[in-house]
Amino acid sequence: MRLPATAHTSRQWRIHELTADFRLEDVWALPTPGGPHDFPALLDTFARGDAGRGSTGLVRALWTIRWTVGRVLGWDRPDAGVDVRVGSLRERLPADLRAARRGPELATGPFRAVYLLDDEWAAEVANRTMHGVLHLGWVDDGEGGYRGQMAVLVKPNGLLGHLYMAAIRPARHLVVYPSLLREIGRRWRSRPHASAQAER
């Protein structure tokens, strides 16, 4: 379920300290009900697979088009990434976050972990179009349980970046994210001990 921006901005996440020059693109509630200590299970669920590609033919086709266009236009070349075209968010970390673990790297895709805390994790990606941040948090759902929450923050790279983000917004909201959430939910329900936790 898509959430209002305040679901992210009203929380005392440490990511706010690092992303004042980024804009909040999306906030989504993840279908991952659990207890107060299940954030590591969410990270494992997210990091293990290729959830960003989804499981439907339409989503796979959209990703194939995106990577093909990116390859032809040079959007994803190594000289467009983190630590080359843009500095890493790790350069902005205060001492306590610099000393914290980075957390898991995603099994596929270009994201690089930035930091990990007990209830939040951030990773970044950059190409010719933008510098982006994926933020996962573990939140009280207001009904006695907890769930994951995902936010996407971006800093578009000039006019190209703004046009690109505007062009892909409908596909992200109508196809990509709904498919991603369904896949995350499926993996969450099928993980070891999920049935026992659901009965608590």
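So, how was this worked out
- Residues numbered from 1 in each chain as written.
- Predicted model: local features only at pLDDT ≥ 70, side-chain atom pairs only at ≥ 80, totals over all residues.
- Heavy atoms only, no water.
- Helix = DSSP H or I, 4+ residues; strand = E, 2+ residues; numbered from the N terminus.
- Buried < 20%, exposed > 50% of the residue type's maximum accessible area, 1.4 Å probe, protein only.
- Contact = heavy atoms within 4.5 Å.
- Pairing = 2+ DSSP bridges.
- Axes fitted to C-alpha atoms, helices over the stretch in contact; angles between N-to-C directions.
- Phe/Tyr/Trp six-rings, centres within 6.5 Å; stacked < 30°, edge-to-face > 60°.
- Salt bridge = Lys/Arg side-chain N within 4 Å of Asp/Glu carboxyl O.
- Patch = residues over 30% accessible without salt bridge, like charges linked within 9 Å, V, L, I, M, F, W, Y side chains within 5 Å.
- Areas by Shrake-Rupley, 256 points an atom, 1.4 Å probe, with all protein chains shown as cover.
- Expected span 1.5 Å × (residues − 1).
- Bend = angle between axes of the 7 residues up to and from the residue.
- Core = buried A, V, L, I, M, F, W, Y, C linked by side-chain atoms within 4.5 Å.

Student: In this structure, what is going on with the overall build of the protein chain? I would like to understand it.
Tutor: When helices and strands are counted, the protein chain shows six helices and five strands. Mapped from its N terminus to its C terminus, the protein chain presents α and β elements in the order α-β-α-α-α-β-β-β-β-α-α. When the 200 residues of the protein chain are sorted by exposure, 46% land in the buried category. In the protein chain, 65% of the contacts between residues at least 6 apart in sequence involve partners at least 24 apart.

Student: Whenever I open this one, the pairing of strand β4 (residues 130-140) confuses me. Can you help?
Tutor: Working note: regular strand, side chains alternate between the two faces of the sheet. Of all eleven residues that make up β4, ten are buried, and the element is covered over most of its length. Looking at chain direction, strand β3 (residues 120-126) and β4 are connected through seven bridges and run antiparallel. Paired with Ala126 across the bridge in β4 is His131. Here β3 folds back onto β4 in antiparallel fashion, the turn holding three residues. Both β4 and strand β5 (residues 146-156) contribute to a ladder of eleven bridges, which runs antiparallel. In the sheet register, Leu136 faces β5, and the bridge partner there is Met150. Joining the antiparallel neighbours β4 and β5 is a turn of five residues, in which Gly142 adopts a positive phi near 80°.

Student: Quick question: what am I supposed to make of the sheet that holds β4 here?
Tutor: Within a sheet, neighbouring strands are paired by backbone hydrogen bonds and run either parallel or antiparallel to one another. Reading across from one edge, β1-β5-β4-β3-β2 is the order of the five strands in this open sheet, with antiparallel pairing throughout. At either end of the open sheet lies a strand with only one pairing partner, and these are β1 (23-29) and β2 (112-116). Averaged over all adjacent pairs, the angle separating strand axes in this sheet is 20°, with direction ignored.

Student: Sorry, what's going on with the environment of Arg48 here?
Tutor: With respect to the helices and strands, the residue Arg48 is situated in helix α2 (residues 39-48). For Arg48 and Glu105, which are 57 residues apart along the polypeptide, the C-alpha to C-alpha distance reads 9.0 Å.

Student: Explain the packing of aromatic side chains here, please?
Tutor: Two descriptors summarise a pair of aromatic rings, namely the distance from one centre to the other and the angle between the planes of the rings. Per the counting criterion, the structure on display carries three aromatic pairs. Aromatic pair Phe39 and Trp138: ring centres 6.4 Å apart, planes at 35°, arrangement tilted. Residue Phe39 is located in helix α2, and its partner Trp138 is located in strand β4; the two are separated by 99 residues in the primary sequence. For the pair Phe39 and Trp138, one class covers both residues: buried. With a centroid separation of 6.0 Å and an interplanar angle of 45°, the aromatic rings of Trp138 and Trp188 are classed as tilted. Separated by 50 residues along the polypeptide, Trp138 in strand β4 and Trp188 in helix α5 (residues 158-190) bring together distant segments of the chain.

Student: Help me understand the pattern of salt bridges, please; the structure alone is not making it clear to me.
Tutor: When the charged atoms of two side chains with opposite charge come close together, those side chains can pair. Tallied over the entire structure, the rule returns 14 salt bridges. One salt bridge connects Asp79 with Arg77, and the closest N-O pair in it is separated by 2.8 Å. Relative accessible area serves as the criterion here: at 31%, Asp79 is assigned to the partly exposed category. What emerges from the salt-bridge pattern is a single network uniting Arg2, Arg23, Glu25, Asp26, Arg169 and Arg172.

Student: Got a minute to help me understand a nonpolar patch on the surface in this structure?
Tutor: Taken together, the side chains of Ile65, Val69, Val72 and Leu73 define a hydrophobic patch exposed on the protein surface, amounting to about 380 Å² of accessible area. Residue position: Leu73 is located in helix α3 (residues 57-73). Since its relative accessible area comes to 54%, Leu73 is described here as exposed.

Student: Explain α5 to me, please; I cannot follow it from the model alone.
Tutor: Spanning 33 residues, α5 covers only 42 Å between terminal C-alpha atoms, well under the ideal 48 Å at 1.5 Å per step. Of all the bends found along α5, the most pronounced is centred on Arg172 and spans about 60°.

Student: How should I be thinking about the nonpolar core in this particular structure?
Tutor: Taken as a class, soluble globular proteins show a tendency for nonpolar side chains to be buried jointly. If you look at the biggest cluster of nonpolar residues, it comprises 28 residues, and the most contacted ones within it are Leu30, Phe39, Phe46, Trp121, Leu134, Leu136 and Met150. Elements represented by at least two residues in this core include exactly α2, β2, β3, β4, β5 and α5. In terms of residues, this core owes the most to one element, α5, which gives seven residues. Residues in contact with Phe39, not counting those within four places in the same chain, are Leu116, Leu117, Asp118, Asp119, Glu120, Trp121, Leu136, Gly137 and Trp138. Grouped together as the second largest cluster of nonpolar side chains are 13 residues, Ile15, Leu18, Val133 and Leu153 included.

By themselves these figures say nothing about function.
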